[in-house]
Amino acid sequence: MAKMKMMLGSVLVSSLVFLGTVGICVAQTDGQKNSIEEKIGLNDHVLPHPRQLRWQQREYTAFVHFTVNTFTGREWGEGTESPSIFNPSELDVKQWVRVFKEAGMKMVILTAKHHDGFCLWPSRYTEHSVKNSPWKNGQGDLVGELSKACREAGLEFGIYISPWDRHEPSYGKSSEYNAFYMGQLTELLTQYGPLGEVWFDGAPGQDSPLRKKQVYDFVMYRSLVRRLQPDACMFADDGPDCRWVGNESGYAGETCWSMLNRSEFGPGQADTKKLNAGQVDGADWVPAECDVSIRPGWFYHAAEDDKVKTLEQLLDIYFGSVGRNGLMLLNVPPDQRGLIHETDTQRLLAFRGLLDRIFADDLAAGASVKASAVRKAMAVYQPSHVVDGDIETIWTTDDGVVSADLEITLPQEKSFNVIMLQEYIKQGQRIASFEVDAWTDGQWKRIASGTTIGYKRLLRMSPVSTQRLRLRILDATDCPILCRIGLFSAPTVQGNTILD
Ligand code: FUL
């Protein structure tokens, strides 16, 4: 491998036309135009697919649980509910989308079919759907309405289609049911435009008697999704595009690698600890998706109107998901009217305001940056790139240099309590250990430390006032590649109150 790297290095040096900044350095080796940074360690690392990069950059997605359960008060329907109970009186998907968009969510994933088997679109494969409900006299198609509203608002749209179907009589007769499921999946993949995500639930677990010995043909389901919706990310416990984070409370591990050995996992077969942390030596790129509900349940229950998560809780989840290299998938269930409840709406908008306030002003902007090591001879790897606000410009070291310091001097002393770090994940995830020091009272004092960084790492601490700080990268799987260091000041939040 070392030999291969050296060869790659000399090819690059002899054949690159350097035009000044990252992105306009072109390789002339094989007729392909690749920027220099696309070549760093290309052969050594597990890398994300472009669809996974797009997924990660969304950061914050809405989950919508809505079905007969909304009207029965249950969390898992039995499949025996009458379609006649599905009768939202004021359903308005445009209201949902307005709220989600204003809240800063980038995609909406709808439970087209939950475990009860009731379909929110008029599937030709079953009578258990909106077509036999009083809603719009059986003429409605909620998947159609919501996908259209999302498209019109510039949001992406995704679907959840539970493999576990408690209504369908063929469930438990493996191949018969798989054919039925493929039929429904095909409808969803072909009738509603481009999908950003397809969500495969793992319930009930592999060993649960509720599975009725049904063997799911995930290989077949997944190849259908790839063929019909190549840009959609597929979620399941084991990915393939994004993985379950191992809990339903919205938190990735303090250590969170985007790599996983997928062969050790399967849908409904979860080693939750490993899913939470990922695997440094994982052979597959499968970043963590952190699902959580804004209420205790996934479905709306009036009795939980006073249990909507507080601003403080939502912010903590944000730091524990987006801030730990994950994606925050926040469920906001519509009520029996078919509207996002006033309390949830107000909370989501206040949360947006809070995030905007925290991240509006990057106190590291305009700082000067020195590094203990910089990749040879290339202006494109300058340390200052980490504070230029552009995540497409990078700093890195030579191959094999796995520890280095970056020292940041701010134009003047600033006070902050949040540090943002971002690796350039187009080249994989590399950093395994780091510390941050601030220069206070004439000496370096450690203010934060961690293991992984990944796409984004957010660290909170008590307020620090300083003009100089230092990131010490202590260990990485290869040369670290950073694209951003940011410093922010967050107010104290208690419950729903912003204190300062
Ligand atoms: C679980 C399901 O059983 C819950 O009802 C919910 O849909 C959650 C997101 O996934 O596996």
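Counting restarts for each chain: residues are numbered from 1 in the order of the written sequence. Local features in a predicted model are, by the rule used here, given only for residues with pLDDT of at least 70; side-chain atom pairs are given and counted only at 80 or more, and totals for whole chains, interfaces and linings are based on all residues. Working from all heavy atoms in the structure, the side-chain values ignore hydrogens and water.

S.K.: Talk me through the overall build of the protein chain; I want residue IDs and the actual numbers.
M.R.: Secondary structure elements follow DSSP: runs of H or I no shorter than four residues count as helices, runs of E no shorter than two count as strands, and numbering proceeds from the N terminus. Helix and strand counts for the protein chain come out as ten helices and 21 strands. It is over C-alpha atoms that the radius of gyration is taken, and the globule rule equals 2.2 Å times the number of residues to the power 0.38. The globule rule puts the C-alpha radius of gyration for 500 residues at 23 Å, and the 24 Å found for the protein chain is close to it. Across the 500 residues of the protein chain, 59% fall into the buried class. Whether two residues are in contact is decided by their heavy atoms, any of which lying within 4.5 Å being enough. Considering only intrachain contacts with a sequence separation of at least 6, the fraction spanning at least 24 residues in the protein chain is 74%. Throughout this description, buried means an accessible area under 20% of the type-specific maximum (1.4 Å probe, protein chains only), exposed means over 50%, and partly exposed covers the range between.

S.K.: How would you summarise the packing of helix 9 (residues 311-321) against helix 10 (residues 342-359) if you had to cite specific residues and measurements?
M.R.: Every axis corresponds to a line fitted to the C-alpha atoms, with the helix fit spanning only the stretch in contact, and the corresponding angles, defined between N-to-C directions, vary from 0 to 180 degrees. Taken N-terminus to C-terminus, the directions of helix 9 and helix 10 make an angle of 55°; their axes are 10 Å apart at the nearest point. In terms of orientation, helix 9 and helix 10 fall into the oblique class. Along this stretch, helix 9 crosses helix 10, giving a crossing that reads as right-handed. Contact residues: helix 9 offers Leu311, Leu314, Leu315, Tyr318 and Phe319, while helix 10 offers Arg347, Ala350, Phe351, Leu354, Leu355, Ile358 and Phe359. Each residue is assigned to one of three groups, with Ala, Val, Leu, Ile, Met, Phe, Trp, Tyr, Cys and Pro labelled nonpolar, Asp, Glu, Lys and Arg labelled charged, and all others, Gly among them, labelled polar. Considered class by class, the residues forming the contact of helix 9 with helix 10 number eleven nonpolar, no polar and one charged. Should an angle fall under 35 degrees it is called roughly parallel, over 145 degrees roughly antiparallel, and 65 to 115 degrees roughly perpendicular, with every other angle called oblique. For any helix crossing, the convention is left-handed if the near helix is rotated counterclockwise from the far helix by under a right angle, and right-handed if that rotation is clockwise.

S.K.: Describe in detail the environment of Pro122, supporting the description with residues and values.
M.R.: As for its placement among the helices and strands, Pro122 is situated in the loop between strand 4 (107-113) and helix 5 (142-153). Distance in space between the C-alpha atoms of Pro122 and Asp207 is 32 Å, their sequence separation being 85 residues.

S.K.: Break down the sheet that holds strand 4 for me, citing the residues and quoting the values.
M.R.: Pairing within the closed barrel is parallel, and its eight strands lie in the order 3-4-5-6-7-8-11-12. Strand-to-strand, the axes of this sheet are offset by a mean angle of 25°, without reference to chain direction. When DSSP finds two or more bridges between a pair of strands, those strands are recorded as paired. As paired elements, strand 8 (residues 242-244) and strand 11 (residues 288-293) share two bridges and run parallel to each other. Considered in strand 11, the bridge of Arg243 is made with Ala288.

S.K.: I'd like a description of the site of the ligand, backed by residues and values.
M.R.: Taken together, the residues surrounding the ligand are Phe63, His65, Trp76, His114, His115, Tyr160, Trp199, Asp201, Ala203, Glu248, Asp291 and Trp298. Between the ligand and His115 there is a distance of 2.8 Å, counted from an oxygen atom to a side-chain nitrogen or oxygen. With respect to the ligand, the side chain of Asp201 contributes an N or O atom lying 2.7 Å from an oxygen atom. Here the open area of atoms and residues is found with the Shrake-Rupley method and a 1.4 Å probe, where only the protein chains shown may cover a residue. The protein chains hide 91% of the 290 Å² of surface that the ligand would expose on its own. Of the residues contributing to the shell around the ligand, the split by class is six nonpolar, three polar and three charged. What makes a residue near a molecule or strand is one non-hydrogen atom of that residue sitting within 4 Å of it. A 3.5 Å cut-off defines polar contacts: any pair of N or O atoms within that distance qualifies, except that in protein one atom must be a possible hydrogen donor and the other a possible acceptor, and neighbouring residues in sequence count only when both atoms are side-chain atoms.

S.K.: Describe empty space enclosed by the protein, and please don't skip the residues or the numbers.
M.R.: Computed over the protein atoms alone on a 1 Å grid, cavities are sets of points where a 1.4 Å probe fits but cannot get out and pockets are open sets with protein on both sides within 12 Å along at least five of seven lines; a residue lines them when it has an atom within 4 Å of a point. Grid points are joined across faces, edges and corners, and a volume is the space filled by probe spheres set on the points. In total, this model carries one cavity of 30 Å³ or more according to the counting rule given. Each pocket or cavity is described by its volume, and for the largest cavity that value is around 90 Å³. Looking at the largest cavity, the residues that line it are Leu53, Gln57, Ile391, Glu392, Gln422, Glu423, Tyr424, Ile425, Lys426, Tyr455 and Cys483. Elements supplying a minimum of two residues to the lining of the largest cavity: helix 2 (50-58) and strand 15 (404-423). Looking at the lining of the largest cavity residue by residue, the class counts come to six nonpolar, two polar and three charged.

S.K.: I'd like to hear about the domain arrangement of the protein chain, residue by residue, with values.
M.R.: One frequent convention defines the size of an interface as the accessible area lost when the parts assemble. An automatic or database domain assignment provides the domain bounds reported here. According to the domain assignment, the protein chain contains domain 1 (9-38 + 361-494) and domain 2 (51-359). Spacing between the C-alpha centres of domain 1 and domain 2 amounts to 34 Å. The partner domain 2 presents 26 residues to the 27 residues of domain 1 that form the contact. Taken as a group, Gln429, Tyr455 and Arg460 account for 27% of the area that domain 1 buries against domain 2, more than any other trio of residues on that side. Throughout this description, the term salt bridge denotes a Lys or Arg side-chain nitrogen within 4 Å of a carboxyl oxygen of Asp or Glu. Along the contact surface separating domain 1 from domain 2 lie three salt bridges. One salt bridge connects Arg457 with Glu254, and the closest N-O pair in it is separated by 2.8 Å. Applying the counting rule to domain 1 against domain 2 returns 13 residue pairs in polar contact (both at pLDDT 80 or more). Mapped onto the side of domain 1 that touches domain 2, the elements with two or more residues apiece are strand 15, strand 16 (431-440), strand 18 (457-476) and strand 20 (493-494). What gets called buried area is simply the loss in accessible area from a 1.4 Å probe that two parts show on being joined, summed for both.

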